[in-house]
Amino acid sequence: MNGKKLIELRGITKAFDGEVVLDNISLDIYEDEFITLLGPSGCGKTTTLRIIGGFETPDKGDVIFDGKRINDTPPHKRHINTVFQKYALFPHLNVYENIAFGLRVSGLKDEEEISRRVREMLEMVNLRGFERRHVTKLSGGQQQRVAIARALINKPRVLLLDEPLGALDLKLRKDMQNELKGMQKRTGITFIYVTHDQEEALSMSDTVVVMNNGSIMQIGTPTDIYNEPSNAYVADFIGESNIVDGVMLDDYSVKLAGHTFVCVDKGFGKNTPVDVVIRPEDVDVVPTAEGELCGHVVSVTFKGVHYEVIVDIDGFKWMIQTTDYVAPDTDIGVKIEPDAFHIMNKSEYSGMFGDYSSFSDELDQLSENGGEDD
Amino acid sequence: MAARGTRGQGLMARAAASPHIVWSVLFIIAPLLFVVYYTFTDADGAFTTENVSRLFTSNYVLIFVNSVCLAFIATVICLVIAYPTAYLFSRMKAKRQRAAVLLIMIPLWMNFLITTYSWMTLLEDTGIINSALRRIGLGAAHMINTPGAVVVGMVFCFLPYMILPIYTVMSGIDEKLLEASADLGCNGWQRLVRVVMPMSLSGVVSGITMVFVPSISTFYISQKLGGGTFQLIGDTIESYFVGSAINYHFGAALSLVLMVLILISMAVMNHYTDSESGERTKMV
């Protein structure tokens, strides 16, 4: 990042009732950055956000804001505002007063100034004419907009967003993603965004922080995270991926599933066991005679843009995304380009992910929605 | 078809409501009509406004004023005690909240006659409090048979009815709203004034109703702790229905006026709270 460092988390540890939810987290957040904390339920992303907002105090470690330690600064003294997960709009106030709340609390008495700034905010979130509406009578998307306007009216240095789009339907989510990104660029406010939706994280962020079990797995740009995942966990969490056992024979040469491929990675030494990530869209389907590997088609699912094909290669189930139809229960060959291989050192997550033998969309959704709020 | 369906449903609904309607007519509307009938008739059953006009002699006006004043003071004291208590309760951990609410409920399970008698023995000139005061050399204070003793009795008996509705509303306030207000710059006091108070107003209104109404019409507390040195409306009404001065017609007139008085106070209060919440919208 080219900007100035705005927030530093240094060795943050937090436990609830003896259960460690954040384990020695360190993270730098820059001015004008759109940073996303991404991870499954219970990974500690919301707790991290609450520590930055001042709603939790870390057991160990320091929170530095603009060069000053703010561990013990209460939320109302921080130049940070929050868009809460379920909006937390004040039900006793109308749209206008909800948005004006921050100004009134700060002691601003000039009604004209208040009115001007509330209208400016309403304009920004496309809610012109909604001033007198009661917040409980608004749709989810409209409440969301009021929550954003309310949080931005005090011109905070940082805006925290806790799964703000979680309750919206798909179409609205896509629109709001674009709007939020636009707002961040226009206002120049640092956005810290929490989500479990990898696609949302990749499409909006400057920086993505992948978290799991209270630890940071990887920090990087969306393309880095997608193309160069640091371990099997990240590779699996960020999109579909086949994660195959392999051996790095030498620089630019990797052996997997009994075949030696040319790749673009180096520096792993000779005959080193590694994890190899191959994204489903990077595998080409060819006739068996031309294939580098051969496999048996287990299932084919039409997904609109492409077919999702599960192929059994030597007992390992691969996922392949292809625009050409292949018939189920036939043999096919596959070819993989050298730059499609991503080589990772073995980690504690090796062998846990990346096989599609028990794959189903439903299972995926269950595990996504099953957890608690965090 | 559809029209018949709805008519059928309407009949069904009415049939289902009939026990309630019969009940209301028998035990609420009919007695009210009796009260009105007695108010405007004399012993011979002839129409008269004598009962009502007699109310506006200084003696009875004073009784009404006394009753309203004592009930008002008791209600204010209850509110002052109950509001912070309810707030503290609502911010406790769930387990402690249950225990705290139970402690408030226990006095309600005891017959309030017994509670009132206990206060008699506490407040008597030779009672426990005065004995203690004497022992530590402060000298006794005359407490029983004073308006103060009556107010103490009212507050003690009706305080739970103030705490519970306020607590119920407050515990329903989402913790996230308090966090949101802190996030937007509210310190502890501002959080209370800007979020908790306006959101708990409905609890305060029902609390006031539930304390003011029984306070203004009580006769037992004022008899036992007031010792007959002064009369409240409740005592006066009672005296016309039992005992030597029995007069249903005048007693009914007193009850009717008391009822109207209560309805007016409720209407005023509701109007006040409505305009409070309406004000915010008008400001835009």
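Residues numbered from 1 in each chain as written. Chains lettered and ligands numbered in written order. Predicted model: local features only at pLDDT ≥ 70, side-chain atom pairs only at ≥ 80, totals over all residues. Heavy atoms only, no water.

Before going further, it helps to examine the state of the cysteines. All names here are of chain B. The tally for this structure, following the rule as stated, stands at zero disulfides over all chains. With no disulfide of its own, Cys 157 lies 9.8 Å from the sulfur of Cys 78, the closest cysteine sulfur. The buried category is assigned to Cys 157, whose relative accessible area is 10%. (Disulfide = S-S within 2.5 Å. Buried < 20%, exposed > 50% of the residue type's maximum accessible area, 1.4 Å probe, protein only.)

Attention shifts here to the side chain of Arg 173 of chain A. Residue and element names in this part refer to chain A. Note that Arg 173 resides in helix α5 (residues 170–187). Overall, the relative accessible area of 16% leaves Arg 173 in the buried class. At a separation of 3.0 Å, a polar atom in the side chain of Arg 173 contacts the side chain of Glu 200. (Helix = DSSP H or I, 4+ residues; strand = E, 2+ residues; numbered from the N terminus. Polar contact = N/O pair within 3.5 Å; in protein donor to acceptor, adjacent residues only side chain to side chain.)

Residues and elements named next belong to chain B. Throughout the structure, instances matching the rule amount to 21 aromatic pairs over all chains. When the centroid spacing of 6.2 Å and the interplanar angle of 65 degrees are considered together, the rings of Phe 112 and Tyr 220 count as edge-to-face. Pair noted here: Phe 112 is in helix α5 (residues 112–123) and Tyr 220 is in helix α10 (residues 220–226), with a separation of 108 residues, a long-range link. The class for Phe 112 is partly exposed, based on a relative accessible area of 35%. Following the ring pairs from residue to residue traces out a cluster consisting of Tyr 37, Tyr 38, Phe 241 and Tyr 248. (Phe/Tyr/Trp six-rings, centres within 6.5 Å; stacked < 30°, edge-to-face > 60°.)

What follows covers the side chain of Glu 131 of chain A. All names here are of chain A. Relative to the helices and strands, Glu 131 is located in the loop between α3 (111–124) and α4 (140–152). Residue Glu 131 is classed as buried on the basis of its relative accessible area of 11%. Side chain to side chain, Glu 131 and Arg 119 meet in a polar contact 2.7 Å long.

A separate point is the sheet that holds strand β2 (residues 19–30) of chain A. All names here are of chain A. The four strands are arranged β2-β1-β4-β5 in an open sheet whose pairing can be described as antiparallel. Pairing within the sheet leaves two strands with one partner each, and these edge strands are β2 and β5 (68–69). In the packing of helix α1 (residues 45–53) onto the sheet, contacts are made with β1 (5–16), β2 and β4 (60–65), and the angle to β1 comes to roughly 120 degrees. (Pairing = 2+ DSSP bridges. Contact = heavy atoms within 4.5 Å. Axes fitted to C-alpha atoms, helices over the stretch in contact; angles between N-to-C directions.)

Another aspect to go through is the sheet that holds strand β15 (residues 283–286) of chain A. Residues and elements named next belong to chain A. In spatial order, the strands read β15-β19-β16-β17-β18; together these five strands make up an open sheet with antiparallel pairing. The open sheet has two free edges, formed respectively by β15 and β18 (316–322), since each of these has just one partner strand. Strand-to-strand twist of the sheet, defined as the mean angle between neighbouring strand axes without regard to direction, takes the value 45 degrees. Alignment of β15 against strand β19 (residues 331–336), held across four bridges, turns out to be antiparallel. Within β19, the residue paired with Val 283 across the bridge is Ile 336.

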